[in-house]
Amino acid sequence: MSRITRRRALQLGTAGAAGYLFTASGASMRRVWGANDKIRVAGIGVGGKGSGDIEQAGKFMDVVALCDIDDQRIATRARTWPDAKQFFDYRVLFDKMAKDIDAVVVSTADHSHAPASMRAMKLGKHVYCQKPLTHTVHEARVMRELAAKAKVCTQMGNQGSALNGLRRAVELVRAGTIGAVREAHVWTNRPAHYWKQSPDIVARPKEAPVPKHVHWDEFIGPAPMRPYAVAFAPRPAYHPHDWRGYWDFGTGALGDMACHTANMAFRALQLDAPVAVAAEAAEINSETFPAWAHIQYLFPARGAAPACTLHWYEGKKDGKTVLPPAELLAKLLKKGEKLADSGSILVGDKGVLFSPNDYGAQFRITPEPDFTGLQTTKPEKLPAGVDGDQDVHMKREWAEAIRAGKPELASSNFDYAGRLTEAMLLGNIAVRFAGTKLDWDAAKLAFTNSAPATKLVSKEYRKGFELPPV
């Protein structure tokens, strides 16, 4: 097999742009890269996780622009790249530097992922965007479509995709080592100990003066305007951290972790769009995500693979962490073993794959499988001493894809990442209609039995921060 075909087979990069009949909108993909040419990259959102993202990109790209709504975060990163142009509004960055950048790394709060990324792609720029890819289901769909139309190289920041262990798990499940899988379970300990949301916050926090170093209008971006606030003085309510727990800015524990923890199962089982989603959850309020939830995704049969239900668990109910069935866990845990805070389980008719790991990269199969007659091979060899990490995810895949002009080289390109994000974010709609099974028509981007739920598939954008047309 060719290198590209092999990589695609192991990493489940899906079909790339094969099903689209579009022409490129920008010049970046047409560039022929010399051996010594460096990719010129801009960082949009360079604090928190974004600080690490632009640090990684800066190892092998020229960082020519830094953008953040927080002047203090810009100042910190500018110590590393003093010659990089500085902005607090990504729209201005694109207006002034469109000809001077080849790629962007988008690590903003979730609600600004799509507006920033789509502006970049419309200009023909390659995009690395943090997980979850988008804030809404509709955004995930149009991000995928625009990436294909613009023919740019993309990657979502679920770096576990680059791990040999995850790739091996995908390969073994696909080879039939645990047989047909009809149920999968994925859990996370978040939001506990990470950010504030329900039940701690159920009403709009107390208004406070905007710090001088924060550009509040640009943080709000496409969301409805609201005042800056503190939740538990002096702890800020939204920026720089707790935004993830608010409906207007984040996607909760599901958005934060599903693109990591459900990634292995989604790849291994070759899932796409579910046909229905249902949830039970804590009381819903208008500001923050619920304190706990159990979401069920019903996926249809896929060729010879049977229909499958994926269960998602998050938060604490009555003081106890919401987890997969106790009887299932009892069969999997070794004597004295404590259940990991995050992990996944795939239940097959021949065995069970159990991973006590965010990425599904460490796992064991019970009972020990018989490999006789199974068509399995070793995962693609990575560079010496590297077992796959963010360097590989960004450098060896995204940057290599840019240089080769081949989007499919990136294992979590927007064709795959868009499908994963689109499916997972349906769960955040389901929790708002807890107790109701919502039937999903992926082709129409609509729930066939709930017009109110369908309204939450997309959202309105504040003037000036709208999505550009695909």
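The coordinates are above.
Report follows, based on the coordinates. (Residues numbered from 1 in each chain as written. Predicted model: local features only at pLDDT ≥ 70, side-chain atom pairs only at ≥ 80, totals over all residues. Heavy atoms only, no water.)

## Description of the overall build of the protein chain
Then, number 1: Scanning the protein chain from terminus to terminus reveals 14 helices and 19 strands.
Then, number 2: Considering the protein chain as a whole, with its 470 residues, one finds that 59% of them fall into the buried category.
Then, number 3: Across the protein chain, every contact between residues at least 6 apart in sequence was considered, and the portion connecting residues at least 24 apart equals 70%. (Helix = DSSP H or I, 4+ residues; strand = E, 2+ residues; numbered from the N terminus. Buried < 20%, exposed > 50% of the residue type's maximum accessible area, 1.4 Å probe, protein only. Contact = heavy atoms within 4.5 Å.)

## Looking at the pattern of salt bridges
Then, number 1: Tallied over the entire structure, the rule returns 23 salt bridges.
Then, number 2: Linking Asp256 and Lys131 is a salt bridge whose minimum nitrogen-to-oxygen distance equals 2.6 Å. Here Lys131 lies in the loop between strand E5 (126–129) and helix H6 (137–150) and Asp256 lies in helix H9 (residues 252–261), a separation of 125 residues in the sequence. Take Asp256 and Lys131: they sit in the same class, and that class is buried.
Then, number 3: A salt bridge links Arg244 to Asp256; the nearest nitrogen and oxygen atoms lie 3.5 Å apart. Here Asp256 lies in helix H9 and Arg244 lies in the loop between strand E10 (235–236) and H9, a separation of 12 residues in the sequence.
Then, number 4: Taking the relative accessible area as the measure of exposure, Arg244 reaches 13% and is therefore buried.
Then, number 5: Several salt bridges share partner residues, and in doing so they unite Asp110, Lys131, Arg190, Arg244 and Asp256 into one network. (Salt bridge = Lys/Arg side-chain N within 4 Å of Asp/Glu carboxyl O.)

## Comments concerning the pairing of strand E1 (residues 39–44)
Then, number 1: Of all 6 residues in E1, 5 are buried; the element is thus mostly enclosed.
Then, number 2: Here 6 bridges tie E1 to strand E2 (residues 61–67), and the two strands are oriented parallel to one another. In the strand pairing of E2, Gly43 is matched with Leu66.
Then, number 3: Handedness of the β-α-β unit built from E1, helix H2 (residues 49–58) and E2 comes out right-handed.
Then, number 4: In this sheet, strand E4 (residues 103–106) lies alongside E1 in parallel orientation, the contact comprising 4 bridges. Paired with Ile44 across the bridge in E4 is Val106. (Pairing = 2+ DSSP bridges. Right-handed = clockwise from strand over helix to strand, strands pointing away.)

## Let's talk about the sheet that holds strand E9 (residues 229–232)
Strands in a sheet are paired, the pairing made by backbone hydrogen bonds, and the direction either parallel or antiparallel.
Then, number 1: Pairing is antiparallel across the open sheet formed by 3 strands, whose spatial order is E8-E9-E10. Looking at strand neighbours, the two that pair on one side only are strand E8 (206–207) and E10, the edges of this open sheet.
Then, number 2: Relative to E9, E8 runs antiparallel, the two sharing 2 bridges. Residue Glu207 lies in a different strand from E9, and its bridge partner there is Ala229.

## Looking at the packing of helix H5 (residues 113–122) against H6
Then, number 1: Running from N to C, H5 and H6 point in directions that differ by 15°, and their axes come no closer than 10 Å. Between H5 and H6, the angle is such that the two are roughly parallel. Read as a crossing pair, H5 and H6 show a hand that is left-handed. Residue-level contacts link His113, Ala114, Pro115, Ser117, Met118, Met121 and Lys122 of H5 to Glu139, Val142, Met143, Leu146, Ala147 and Ala150 of H6.
Then, number 2: For the contact of H5 with H6, the residue count by class is 9 nonpolar, 2 polar and 2 charged. (Axes fitted to C-alpha atoms, helices over the stretch in contact; angles between N-to-C directions. Parallel < 35°, antiparallel > 145°, perpendicular 65-115°, else oblique. Left-handed = near helix turned anticlockwise from the far one by under 90°. Nonpolar A, V, L, I, M, F, W, Y, C, P; charged D, E, K, R; others polar.)

## What about the sheet that holds strand E6 (residues 154–156)?
Then, number 1: Pairing within the open sheet is parallel, and its 6 strands lie in the order E3-E2-E1-E4-E5-E6. The sheet is open, and its two edges are formed by strand E3 (85–87) and E6, each paired on a single side. For this sheet the average axis-to-axis angle between neighbouring strands, irrespective of direction, equals 20°.

## Re the environment of Lys125
Then, number 1: Of note, Lys125 is situated in the loop between H5 and E5.
Then, number 2: Here Lys125 falls in the buried class, since its relative accessible area comes to 7%.
Then, number 3: For the pair Lys125 and Ala147, spaced 22 residues apart in sequence, the C-alpha separation works out to 9.8 Å.
Then, number 4: In terms of polar contacts, Lys125 uses its side chain to reach the backbone carbonyl oxygen of Ala98, at 2.5 Å. (Polar contact = N/O pair within 3.5 Å; in protein donor to acceptor, adjacent residues only side chain to side chain.)

## A short note on the pairing of strand E11 (residues 276–281)
Then, number 1: In terms of burial, E11 is a largely internal element, 5 of the 6 residues being buried.
Then, number 2: For E11 and strand E12 (residues 292–299), the ladder comprises 6 bridges, and the chain directions are antiparallel. Bridged to Ala276 within E12 is Leu298.
Then, number 3: The sheet contact formed by E11 and strand E18 (residues 438–441) spans 2 bridges and is antiparallel. Counted as the bridge partner of Val277 is Leu438 from E18.

## So, the nonpolar core
Then, number 1: The biggest cluster of nonpolar side chains holds 86 residues, and the ones touching the most others in it are Val104, Met121, Ile295, Tyr297, Leu346 and Phe447.
Then, number 2: In this view, Leu346 contacts Val173, Ile178, Val181, Glu183, Ala184, Met264, Ala265, Ala268, Leu269, Gly351, Val352 and Leu353; residues no more than four positions away in its chain are not counted.
Then, number 3: Among the nonpolar cores identified, the runner-up in size contains 24 residues, and Met61, Leu66, Cys153 and Met394 belong to it. (Core = buried A, V, L, I, M, F, W, Y, C linked by side-chain atoms within 4.5 Å.)

## Quick look at H9
Then, number 1: Among the 10 residues of H9, 10 are classified as buried, and the element is accordingly described as predominantly covered.
Then, number 2: Looking only at H9, the buried set comprises Gly252, Ala253, Leu254, Gly255, Asp256, Met257, Ala258, Cys259, His260 and Thr261.

## Some details on the packing of aromatic side chains
Centre-to-centre distance and the angle between the planes together describe a pair of aromatic rings.
Then, number 1: As enumerated under the stated definition, the model contains 14 aromatic pairs in all.
Then, number 2: Taking the centre distance of 5.0 Å and the plane angle of 15° together, the rings of Trp216 and Phe219 count as stacked. With Trp216 and Phe219 both in helix H8 (residues 216–220), this residue pair falls 3 residues apart, about one helical turn.
Then, number 3: Note on Trp216: relative accessible area 9%, which makes it buried.
Then, number 4: For Phe219, a relative accessible area of 6% corresponds to the buried category.
Then, number 5: With a centroid separation of 4.8 Å and 70° between ring planes, the pair formed by Tyr238 and Tyr246 is classed as edge-to-face. (Phe/Tyr/Trp six-rings, centres within 6.5 Å; stacked < 30°, edge-to-face > 60°.)

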